[in-house]
Amino acid sequence: MALRSQGIEVQVYEKAQEFRPAGTGLGLAPNGLNSLDAIAPGIVETLKSSGCEVHHTVLKNIQSETIRTNATKYLEQYGQPLLTIWWYRLQQVLASRLPSDIIHLNHRCIGFEQDANGVEIHFDGEKSVDADLLIGADGVNSVIRETLFGEGKPNYIGSMCWRAVIKYRHKLFNDYELVFVKGNQQFMYLLNVGGGYTSWISRKFSPEYSLSHSADEVKSRILHELADWDESFRVVVEATPAAEIWFGKGRFA
């Protein structure tokens, strides 16, 4: 959107075969919202209607005892709130601001070649395109970054992560929009991401990493990890269909 506002022709190539409900909850800070508003006036109000403005946060222990509460003052200080939103909703809003014919799905980049005249980008299925400039935003396993710098594969940093977004309103959201729970070598976020949806994210520090082999095993494993936690935190995981829980390992590039 920013490039198009400067009169630059843009094409977006996305590896997903379709836009579908996926991803986790995330926070958009005031500087990010102000930047988006400068790029596309009016888009922030649309995002606010799709997400949740965070006015109160709480830190709890695994017994659900409150350690600290906080009334956020982002709006007063910076003119914008901290906004929590489901990545899928953010993606929908951003995509709606672009002509549909410049978004090309089912294009997984596998490499590129460049010379003084431009760059040729290669995709799965023997598809290639030419451009003047390539901007790589292809994630932690970036083919573009690997081609440029040869850094190798990301390294495991000793943490496992489970996350999901479900249609569920946690009872703590009556008082807070963002809940952080700190355990022993493990923590959990509960985010109100708007529209009655809850995003939960749990990460555990562990030197050993092993994959679960089925969705039911993934759910059973995270519930086992939360066995000693208060029921108010376990209930949101129990309410999540096993097939909707994402499980992976923490890495750095």
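Because the structure is a prediction, the values reported are computed rather than measured.

Participant: Mind showing me how you'd approach the layout of surface pockets here?
Facilitator: Over the atoms, a rolling probe the size of a water molecule traces out where space has been left empty. What the second largest pocket holds in volume is close to 210 Å³. When contributions to the lining of the second largest pocket are tallied by element, the ones reaching two or more residues are strand E4 (56-61), strand E5 (66-71) and strand E12 (178-182). In terms of residue class, the lining of the second largest pocket is made up of 5 nonpolar, 4 polar and 2 charged.

Participant: Teacher, can you tell me more about the packing of aromatic side chains here?
Facilitator: Ring pairs (aromatic) are described by centroid distance and by the angle formed between their planes. A full pass over the atoms with the stated rule returns 10 aromatic pairs. Between the aromatic rings of Trp-229 and Phe-233, the centroid separation amounts to 6.2 Å while the plane-to-plane angle is 85 degrees, which identifies the pairing as edge-to-face. When its relative accessible area of 0% is taken as the criterion, Phe-233 is described as buried. Taking the ring centre of Trp-246 as reference, the NZ or CZ of Arg-163 above it sits at 4.1 Å.

Participant: Teacher, can you tell me more about the packing of helix H2 (residues 30-39) against helix H3 (residues 43-50) here?
Facilitator: When two helices pack together, you describe them by how their axes are tilted relative to each other and by the distance separating the axes. Between H2 and H3, whose axes approach to 8 Å, the crossing angle comes to 130 degrees. Overall, the two elements H2 and H3 adopt an arrangement that is oblique. In contact with Leu-33, Leu-36 and Asp-37 of H2, H3 contributes Ile-43, Val-44 and Leu-47. Tallied by class, residues from the contact of H2 with H3 come to 5 nonpolar, no polar and 1 charged.

Participant: It is not clear to me how the sheet that holds strand E2 (residues 25-28) should be interpreted in this structure. Could you clarify?
Facilitator: The strands that make up a sheet are held in pairs by hydrogen bonds between backbone atoms, and each pair lies either parallel or antiparallel. Spatially, E2-E6-E3 is the arrangement adopted by the 3 strands of the open sheet, whose pairing is antiparallel. Lying at the two open borders of the sheet, with one neighbouring strand each, are E2 and strand E3 (52-54). Here the strands of the sheet are splayed against their neighbours by 30 degrees on average, with no regard to which way each runs. Relative to strand E6 (residues 82-86), E2 is paired through 4 bridges, and the arrangement is antiparallel. Looking across to E6, one finds that Gly-27 is bridged to Thr-84. Relative to E6, H3 is tilted by about 65 degrees, and along the sheet it contacts E2, E3 and E6.

Quick notes on the rules
Residues numbered from 1 in each chain as written. Predicted model: local features only at pLDDT ≥ 70, side-chain atom pairs only at ≥ 80, totals over all residues. Heavy atoms only, no water. 1 Å grid on protein atoms, 1.4 Å probe; cavity = no way out; pocket = protein on both sides within 12 Å on 5 of 7 lines; lining within 4 Å. Points joined across faces, edges and corners; volume = space filled by probe spheres on them. Helix = DSSP H or I, 4+ residues; strand = E, 2+ residues; numbered from the N terminus. Nonpolar A, V, L, I, M, F, W, Y, C, P; charged D, E, K, R; others polar. Phe/Tyr/Trp six-rings, centres within 6.5 Å; stacked < 30°, edge-to-face > 60°. Buried < 20%, exposed > 50% of the residue type's maximum accessible area, 1.4 Å probe, protein only. Lys NZ or Arg CZ within 6 Å of the ring centre and 35° of its normal. Axes fitted to C-alpha atoms, helices over the stretch in contact; angles between N-to-C directions. Parallel < 35°, antiparallel > 145°, perpendicular 65-115°, else oblique. Contact = heavy atoms within 4.5 Å. Pairing = 2+ DSSP bridges.

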